[in-house]
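A look at the structure
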Amino acid sequence: MSKVAVVLGLNYGDEGKGKVSTFLAGNSDIALRCTGGNNAGHTVEFNGEKIVFHLIPSGILNKNTDAVIGNGVVIDPKVLFEELEVLDKHGVDLSKLHISTRAHVIFPYHIEEDKLQELLKGDDKVGTTARGIGPCYMDKANRIGFRVIDMYNEDFERKLRRNITNKNKLFDLYGFPLLDENKIVDEYLEYRDKMKPYVMDTVSFLHKALDNNKNIICEGAQATMLDMDLGDYPMVTSSNPTIGGIQTGSGLSANDITDVYGVCKAYASRVGEGPFITEQNNEIGDTIRELGHEYGATTKRPRRCGWIDLVALKYAVRINGVTGLAINHLDTIGKLGKAKLCVGYKLNNVIYDEYSDDIIGHENEVETIYVDLNTEFEIAGLKDYESLPIDAKKYIEVIENHLCVPVKFIGTGPDNDDMIIR
Ligand code: IMP
C-alpha cells in the first residue's frame, strides 16, 4: 500500500515544517510541493553545509527521492535555477526534479506589482514577501497567466509582450519605473529552454507512482491561518496552504492521503501584518524571538512572537484533518521558566472555545484565557519521550488533550536530528 503523508503549518508559517518533511522524506519515493512559491523558505543541513530551499522540495537531497513541483505552485525561474545550481554543486542528481506543465510562472512584473499593490494599500498593507506571489495568482485567476507549458506555445512571445505592455501602462500611471520588454522576453526564452528537461505531466506521474505503491511526502508551504479562504483574510497569502490546496495543487485525491501531520511551535509567531491574538508585543515576545532565533528565512524580518493558541490550533486541526502533531521549539519554551497556553477567548462577555466567524474580524478586541505552566527544563537534543522532565511532558500532554490528536514529533533543538519521534 502506498502512503501519502502531508506536512502542513497550523499557524502563520515558520513552524519548522522542513524538519518534519526532511525526516519523512527519508522513507518517501517522492517529495512534493503543491502551493505557494518562493515566499516559503527553510534551511536544511547537508554534507555539513546549510542549504536554503524556497521552491524545490528539500526531499530531493535523499538519494532515492524524486522531487515534484506540482501544478498549484508559482515558479520564479530565476530562483529555480539558483537553487538548482546549489544542488548541482552538492552533487545532487537533478534529473530527479519534475516540474508540472500546469504550474504558473512568475515574471518580473509580478514582483513590481506586488510592491505597487502594497504601497497602494497604505496602512492596510499585508506585509507580503514581495516575491510576486499574489500578482501571479491574480493573473492565473484572470486567465492572463502563463503555465509552464504555455511558454512552449508559438503564441508565448506575443502574449508576454502584450502582458508587459499592459503592466507597464499600470506602472506608468503610478510613477513606477517601466520594465524592459526585450530583456524580459530574452530572459524567459532562455529559462524556457533550460527548464525543458524537467517539465512533465506531474498529475499523471503521481497517479502512476501511487499505482506502483510508491510513498509520497507533500511538503506544505505557508500555513492554515494564511489560507486565502480559511485564514485571516485579507492578511493572508494568495493560495490555499491547507489540505484542499494539496489536492488541487497536485491532482491527488482526498482518498489518496493517508497521514496529515500538523506542525506548530510550543509558542506562536507571525511575520507580516494581521491579527495575532496571543501576540506578546512586549519583553516576553522579545525574549521568545531571541531564544527561538525568530527572524524570517526568506525576508530576514523579525517575527512577532507570542503564546501558543490552542483555540486557533483546534480550528486548524479540524480543517486539515490532522492525524498527528509536530511541536517544535519545546527546548525554547523550556528556557522561559513559565509559559501560557491560550485555551479560550472572551469577547463581549461571551466565552469562546472555538475560532469562529464571531472572532474573525474582532481579533483585536478579543481577551485571552490562559492556562499557566512551569517550563523550566533543559531538554536540548533529547531523543526519547521518556527522558523528558515532567514539566516538559505536561506541556505536551496539555496540548494533546486539548486538541485530541497525538503528538508524534517534538523538536528539542535547532538541528534536524534534534527531534523526539513517538
Ligand atoms: P505573500 O505570500 O508574499 O503574498 O505574503 C502574504 C502574507 O503571508 C504575508 O504576511 C507574509 O509575511 C506571509 N507569508 C508568506 N509566506 C510565508 C512563509 O513561508 N512563512 C511565513 N509567512 C509567510
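Before reading on, note that the structure itself is shown above.
Here goes a summary of the coordinates provided. (Residues numbered from 1 in each chain as written. Predicted model: local features only at pLDDT ≥ 70, side-chain atom pairs only at ≥ 80, totals over all residues. Heavy atoms only, no water.)

1. A word on the layout of surface pockets
- There is about 220 Å³ of room inside the second largest pocket.
- In this structure, the second largest pocket is lined by Asn38, Asp76, Lys78, Val79, Glu82, Pro108, Ile111, Arg131, Lys183, Glu187, Tyr188 and Tyr191.
- Those elements that provide at least two residues to the lining of the second largest pocket are α2 (77-89), α3 (108-121) and α6 (181-195).
- Looking at the lining of the second largest pocket element by element, the count peaks at four residues for α6.
- Of the residues assigned to the lining of the second largest pocket, the class counts are five nonpolar, one polar and six charged. (1 Å grid on protein atoms, 1.4 Å probe; cavity = no way out; pocket = protein on both sides within 12 Å on 5 of 7 lines; lining within 4 Å. Points joined across faces, edges and corners; volume = space filled by probe spheres on them. Helix = DSSP H or I, 4+ residues; strand = E, 2+ residues; numbered from the N terminus. Nonpolar A, V, L, I, M, F, W, Y, C, P; charged D, E, K, R; others polar.)

2. Structural notes on the pairing of strand β1 (residues 4-9)
- Counting buried positions along β1 gives six out of six residues, so the element sits mostly inside the fold.
- Side chains of β1 alternate between two faces, with Val4, Val6 and Leu8 and Ala5, Val7 and Gly9 buried alike.
- Here β1 pairs with strand β10 (residues 216-219) via four bridges, running parallel. Across the sheet, the residue bridging to Val7 is Glu219, located in β10. (Buried < 20%, exposed > 50% of the residue type's maximum accessible area, 1.4 Å probe, protein only. Pairing = 2+ DSSP bridges.)

3. Brief notes about the packing of helix α10 (residues 310-320) against helix α12 (residues 390-403)
- Where α10 meets α12, the axes come as close as 10 Å, and the angle between the chain directions of the two elements is 50°. Overall, the two elements α10 and α12 adopt an arrangement that is oblique. Like other packed secondary-structure pairs, α10 and α12 cross with a definite hand, here right-handed. Judged by residue contacts, Leu310, Leu313, Lys314 and Val317 of α10 engage Val398, Ile399, His402 and Leu403 from α12.
- Residue composition of the contact of α10 with α12, grouped by class: six nonpolar, one polar and one charged. (Axes fitted to C-alpha atoms, helices over the stretch in contact; angles between N-to-C directions. Parallel < 35°, antiparallel > 145°, perpendicular 65-115°, else oblique. Left-handed = near helix turned anticlockwise from the far one by under 90°. Contact = heavy atoms within 4.5 Å.)

4. Overview of the sheet that holds β1
- Strand order in the open sheet formed by 10 strands is β9-β7-β5-β2-β10-β1-β11-β14-β18-β19, with mixed pairing between adjacent strands. Each edge of the sheet is formed by a strand with only one pairing partner; in this case those strands are β9 (199-200) and β19 (419-421).
- Alignment of strand β5 (residues 66-69) against strand β7 (residues 97-100), held across three bridges, turns out to be parallel. The residue of β7 that forms the bridge with Val68 is His98.
- In this fold α12 packs onto β14 (324-328) and β18 (407-411), with an angle of close to 145° to the strand it touches most, β14.

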